[in-house]
Amino acid sequence: MTSAWLCLHCVRNSALSRTITIPLKDARVKVDIIKRQHHSRVATELPQPYSLEPCTAKRYFSKMAPRQSAPTPTSPPSSRAGASDKPQTKAKRPPPTPVRPSSSILLISPNNQVLLLHRVQSSKSFASAHVFPGGNLSSFHEGPLPEPGSESLHEDSLVYRLAAVRETFEESGILLAKTNDGSLLGLSDQVREAGRKAVHGNTVKFIDWLASVGGIPDTDGLIPFTRWITPPNGPNRRFSTQMYVYMLPLSAASASLGPTAGAEGHEVIIPTPTHDGGLEHTAAAFDDPFNWISRARSGEIILFPPQFFLLHLVAQFVKGGDTSSARDYQTEREGLMEFLSRTPTIRSDRPGGEEAKVHATASIPWADKVMSPTVLFMRQSDRRVVLGLDKPGPELKGTKRGGDWDRVVLVSFRREGPRDVEVRWREDVLREEREAERKEEAKRAAKL
């Protein structure tokens, strides 16, 4: 008997049930795929000795492989019968790779643009992509870190905030720190770059260097904005990343990265972001959120689903640009802040309107949402994968933590990275898929 391929498009959260035909060497086996069945359940419907291997985010088909070696022609009949009488034991999946704590900042400039860094091609994560500044927590700089497997590993805390401020400084040169009077700390280029190099090289603790120049990390200015846990079926390196929003003070002149008013009216200069000398990034720049999204859609840059998703949300409120006034920028920020603090986290203009059923994840504030993308299915129309964002990952399975059920991300995973990324309402995507299936079934029926 030969191996076959079972399309994962049929194994999905669908309102439909269907019968598919799997070609084998000597027979055609029909398998009913029922609503909300999982691979383990579907596998029990297949004839022995076939089973299903688990799928991954970048593997859209699951191969049916022999569960045991087929008997050779010289094997006695009794050995074959004996093998079939033995209970089949399901192979245990290896435990997921432990996650590393990390944090990142969606940094908004004085004229409401967003900072992105261009990762080097040799990077072990998000290679060649544009990302928000951030990185791993460091016991040297931040002190004791959350214990592996503990609840605090997936919760916002001071160590996550300190790491976010430090990594942003190391990667872009922008220091999110204040003086004792509450104004944004301003340093000369020479002092700032010397400190940047020393902190990155671990020759001095970040908090100690900051104190030596009269600064205090502005951890209170960080606004929690989702946590992302790398799926267990993805790369070997997994992270539990706390995301934040930080809004640099508005400029009275509304000039891009120009003189900016601090808390007490002091004028400070926010330095133009620079890369880290090519260690991890090759470029650092502010741009309008919508421009970043447009550049990703055109194929000019690479944005992974988490970055694209967060930019999509922010772009609904923060427009950027150099032509608006400080009052316009403030109005945009107030709209974003209202959105981040509002529950349920879904608007009344969603599919179904006010009468639509509100999923439980909508009651989780954006500050507490935890997202671990999962593959729902592949679309028939354009072969893009549909990623669900409602699951919090295996580490938080069985808890009340969760992400966003109402929105999904459509993406085409290619060799160079994710392309054709789009954020859509889940109900809209499911409805389109059901319509596509009905049309396909009608075509097949017409041929009979």
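Details of the structure are given in the entry above.
My aim in this report is to walk through the structure given alongside it, one point at a time. Note that the structure is a prediction, hence the values are computed from the model and not measured. (Residues numbered from 1 in each chain as written. Predicted model: local features only at pLDDT ≥ 70, side-chain atom pairs only at ≥ 80, totals over all residues. Heavy atoms only, no water.)

Pairing between strand S18 (residues 374-378) and strand S19 (residues 385-389): four bridges, direction antiparallel. Its bridge partner being in S19, Val375 is matched across the sheet by Leu387. (Pairing = 2+ DSSP bridges. Helix = DSSP H or I, 4+ residues; strand = E, 2+ residues; numbered from the N terminus.)

What the rule picks out here adds up to seven aromatic pairs. Geometrically, the ring pair formed by Phe169 and Phe206 is tilted, given 6.1 Å between the ring centres and 35 degrees between the ring planes. On the criterion of sequence distance, the pair formed by Phe169 in helix H4 (residues 158-172) and Phe206 in helix H6 (residues 206-212) is long-range, its members being 37 residues apart. There is no split in this pair, since Phe169 and Phe206 are both buried. Arranged with centres 6.1 Å apart and planes meeting at 70 degrees, the rings of Phe225 and Trp366 form a pair that is edge-to-face. Here Phe225 is found in strand S12 (residues 223-229), whereas its partner Trp366 is found in the loop between helix H9 (326-341) and strand S17 (370-371), with 141 residues between them in sequence. (Phe/Tyr/Trp six-rings, centres within 6.5 Å; stacked < 30°, edge-to-face > 60°. Buried < 20%, exposed > 50% of the residue type's maximum accessible area, 1.4 Å probe, protein only.)

The next subject is unusual backbone geometry. In this structure, Pro344 follows Thr343 across a cis peptide bond, with omega equal to 0 degrees. Within the element layout of this structure, Pro344 appears in the loop between H9 and S17. Positive phi, close to 60 degrees, is recorded for Asn202, a residue that is not glycine. Structurally, Asn202 can be placed in the loop between helix H5 (189-200) and H6. Unlike most non-glycine residues, Thr226 shows phi in positive territory, near 75 degrees.

Across the sheet, four strands lie side by side as S18-S19-S20-S21; this open sheet has antiparallel pairing. Either end of the sheet is taken by a strand with one partner, and the two such strands are S18 and strand S21 (417-425). Each strand of the sheet is rotated relative to its neighbour by a mean of 30 degrees, with strand direction disregarded. Alignment of strand S20 (residues 404-414) against S21, held across seven bridges, turns out to be antiparallel. Bridge pairing links Ser412 to Arg419 in S21. On the sheet, helix H10 (residues 426-447) packs against S18, S19, S20 and S21 and is oriented at approximately 100 degrees with respect to S21. (Axes fitted to C-alpha atoms, helices over the stretch in contact; angles between N-to-C directions. Contact = heavy atoms within 4.5 Å.)

Between two packed helices, what matters for the description is the angle formed by their axes and the separation of those axes. At a minimum axis separation of 9 Å, H4 and H5 run at an interaxial angle of 115 degrees. Between H4 and H5 the crossing geometry is left-handed. On H5, the residues that touch Arg166, Phe169, Glu170, Glu171 and Ser172 of H4 are Arg192, Gly195, Arg196, Val199 and His200. Broken down by class, the residue content of the contact of H4 with H5 amounts to two nonpolar, three polar and five charged. (Left-handed = near helix turned anticlockwise from the far one by under 90°. Nonpolar A, V, L, I, M, F, W, Y, C, P; charged D, E, K, R; others polar.)

Attention now goes to the environment of Glu300. Relative to the assigned elements, Glu300 resides in the loop between helix H7 (289-297) and helix H8 (305-315). Judged by relative accessible area, Glu300 falls into the exposed class, the value being 54%. With near-sequence residues (within four places) excluded, Glu300 lies in contact with Arg295 and Arg419.

Moving on, we come to the side chain of Ser240. By secondary structure assignment, the location of Ser240 is in strand S13 (residues 238-247). Its relative accessible area of 0% is what places Ser240 among the buried residues.

Looking now at the nonpolar core. If you look at the biggest cluster of nonpolar residues, it comprises 38 residues, and the most contacted ones within it are Leu106, Phe225, Phe309 and Leu336. By residue number, the principal contributor to this core is H8, which donates seven residues. In terms of nonpolar packing, the next biggest core, distinct from the first, is built from 36 residues, Leu153, Leu176, Ile229 and Phe286 among them. (Core = buried A, V, L, I, M, F, W, Y, C linked by side-chain atoms within 4.5 Å.)

Honestly, it's all geometry; don't read function into it.
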